[in-house]
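Observations on the three-dimensional arrangement
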Amino acid sequence: MGFHRSTSVLFFQDAGSIGAGEEGWHSWRMSRFEHSALSAGPGVPALRTGISLALGGGFARGFAHLGVLQVLEQNQIPIAAIAGTSVGSILGAAYASGAPLARIIATCRTLRFRDIARWRVSRLGLASNHRLGDLVERVFECRRFEDLRIPMAVVATDLATGEPVVFTQGNLVDPIRASCAFPGLFEPVEIGTRWLADGCLVSPVPTHAARQLGAGCVLAISVGIPDDHRGAPSNIFQVVSRAVSAAQKHQLEVWERHADLVLRPDVQSLAWDDFDRTDEAIEAGVTAARNAIPRIVKLLERVAAPAFDLTASLEAGAQGRLQLAEVLR
């Protein structure tokens, strides 16, 4: 894959990881790209067959992820792993658990803010997202990372260090709650000795975590916060969200360079709480993914080709080198 003229080499510190990376995970879909795990030689882990998805945050706009998943299923594109931030962690983990996509979509069509949050003003936030646990119980096929049918990473932010924390083991509920704990709105989530908040603060689209899961190519889906703010903010949530959006603009180059392909579904007309516009978001994801299928197929063929240099690819990931993302709108 050719690189843009402005390509530069950057370095990105490894996120703090909680849990083992491989144990207990099961294989998922196979297709015309089916073949054995590719090995780069002694001492180097095998490369997973298929694509690794990086599902970004964006509240209700994140329903576009479901449209992308629909198109990948229809075209028998194998998914080797999934990394999710915020709403991407919910939908990604539900799919990775083996829950039928039709069930996930049906649930999202009736989902409202009250189903995932309970208002309770405290010193740390305006609401609790404990109710996400009920959603996991109702929709997911399993409750632990080790039982997922697709390897999964959930990314949150450590409020003490400002570093990303990547969960790959243990129960699913608490890491997902932490990844979705948008500051100012939701109370942070305590896990062990850490206080954690929304993964979007440090990893708006978790491409680095997706790359670390071992697939040969990373497909990123960005549904980010709209950047065309008009007028003065009208409430505290808009103040915080615009501040986060401003910070995320400076992270674009970092996370994009960990992806081989970036999809940007056209969801910028949707507000963060437009839960009643699920079908519009899904259709935006379908459109973006359909346009990208030829490119995705080429990426998979490149990885499967005998000449693909696995050692170089894995070493680049280990050293934190960043690859330029090709952006599709």
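Structure: see above.
Residues numbered from 1 in each chain as written. Predicted model: local features only at pLDDT ≥ 70, side-chain atom pairs only at ≥ 80, totals over all residues. Heavy atoms only, no water.

1. Comments concerning helix H3 (residues 101-110)
Those residues of H3 not exposed but buried are Leu101, Ile104, Ile105, Thr107 and Cys108. Taken around the axis of H3, the buried residues stretch over an arc of 160°, which confines them to a single face. Away from its buried face by more than 90 degrees, H3 exposes Ala102 and Thr110. Turning to H3, the residues buried within the fold contact helix H1 (64-74), helix H2 (87-96), helix H5 (132-139) and helix H10 (278-304). (Buried < 20%, exposed > 50% of the residue type's maximum accessible area, 1.4 Å probe, protein only. Helix = DSSP H or I, 4+ residues; strand = E, 2+ residues; numbered from the N terminus. Arc of directions from axis to C-beta. Contact = heavy atoms within 4.5 Å.)

2. Remarks on the packing of aromatic side chains
According to the stated counting rule, one finds four aromatic pairs in the structure shown. Judged by centre distance (5.6 Å) and plane angle (70°), the ring pair of Phe59 and Phe182 falls under edge-to-face. With Phe59 in the loop between strand S2 (48-55) and H1 and Phe182 in the loop between helix H6 (173-179) and strand S8 (189-191), the pair connects residues that are 123 residues apart, well separated along the chain. With respect to class, Phe59 is no different from Phe182; both count as buried. (Phe/Tyr/Trp six-rings, centres within 6.5 Å; stacked < 30°, edge-to-face > 60°.)

3. Some remarks on unusual backbone geometry
Phi at Phe59 takes a positive value of approximately 50°, unusual for a residue other than glycine. Since its relative accessible area comes to 15%, Phe59 is described here as buried. For Ser86, which is not glycine, the phi torsion reads 55° and is therefore positive. By secondary structure assignment, the location of Ser86 is in the loop between strand S3 (79-85) and H2.

4. Considering the packing of H1 against H3
Packing of H1 against H3 leaves a shortest axis separation of 11 Å and a crossing angle of 160°. Classified by the angle between their axes, H1 and H3 sit roughly antiparallel to one another. By crossing handedness, the relation of H1 to H3 is classed as left-handed. The segment H1 lies against H3, with Leu66, Leu69, Gln70 and Glu73 engaging Leu101, Ile104, Ile105 and Cys108. (Axes fitted to C-alpha atoms, helices over the stretch in contact; angles between N-to-C directions. Parallel < 35°, antiparallel > 145°, perpendicular 65-115°, else oblique. Left-handed = near helix turned anticlockwise from the far one by under 90°.)

5. Looking at a nonpolar patch on the surface
Residues Leu124, Leu159 and Trp195 make up a contiguous nonpolar surface patch of about 290 Å² in total accessible area. The residue Leu124 is located in the loop between strand S4 (118-119) and strand S5 (127-128) in this model. We classify Leu124 as partly exposed; its relative accessible area is 44%. (Patch = residues over 30% accessible without salt bridge, like charges linked within 9 Å, V, L, I, M, F, W, Y side chains within 5 Å. Areas by Shrake-Rupley, 256 points an atom, 1.4 Å probe, with all protein chains shown as cover. Salt bridge = Lys/Arg side-chain N within 4 Å of Asp/Glu carboxyl O.)

6. Notes on the packing of H1 against H10
As a packed pair, H1 and H10 sit with axes 6 Å apart at the nearest point and diverge in direction by 40°. Regarding the angle of H1 to H10, the classification is oblique. Crossing handedness for the pair H1 and H10: right-handed. Residue-level inspection shows Ala64, Leu66, Gly67, Val68, Gln70, Val71, Leu72 and Gln74 of H1 in contact with H10, the latter providing Ala281, Ile282, Gly285, Val286, Ala289, Arg290, Ile293 and Ile296. Grouping the amino acids of the contact of H1 with H10 by side-chain chemistry returns 11 nonpolar, four polar and one charged. (Nonpolar A, V, L, I, M, F, W, Y, C, P; charged D, E, K, R; others polar.)

7. Structural notes on H2
Across the 10 residues that make up H2, a large majority, 10, are buried. Taken together, the buried positions of H2 are Val87, Gly88, Ser89, Ile90, Leu91, Gly92, Ala93, Ala94, Tyr95 and Ala96. Looking one or two residues beyond H2, the residue adopting positive phi is Gly98, at roughly 100°.

8. What to know about the pattern of salt bridges
Per the stated rule, a full pass over the model turns up 12 salt bridges. Of the charged contacts, one joins Glu187 and Arg120 as a salt bridge, the two residues approaching to 2.9 Å between their closest N and O atoms. One end of the pair, Glu187, is in the loop between H6 and S8; the other, Arg120, is in the loop between S4 and S5, with 67 residues separating them in the sequence. The exposure class assigned to Glu187 is buried, which follows from its relative accessible area of 11%.

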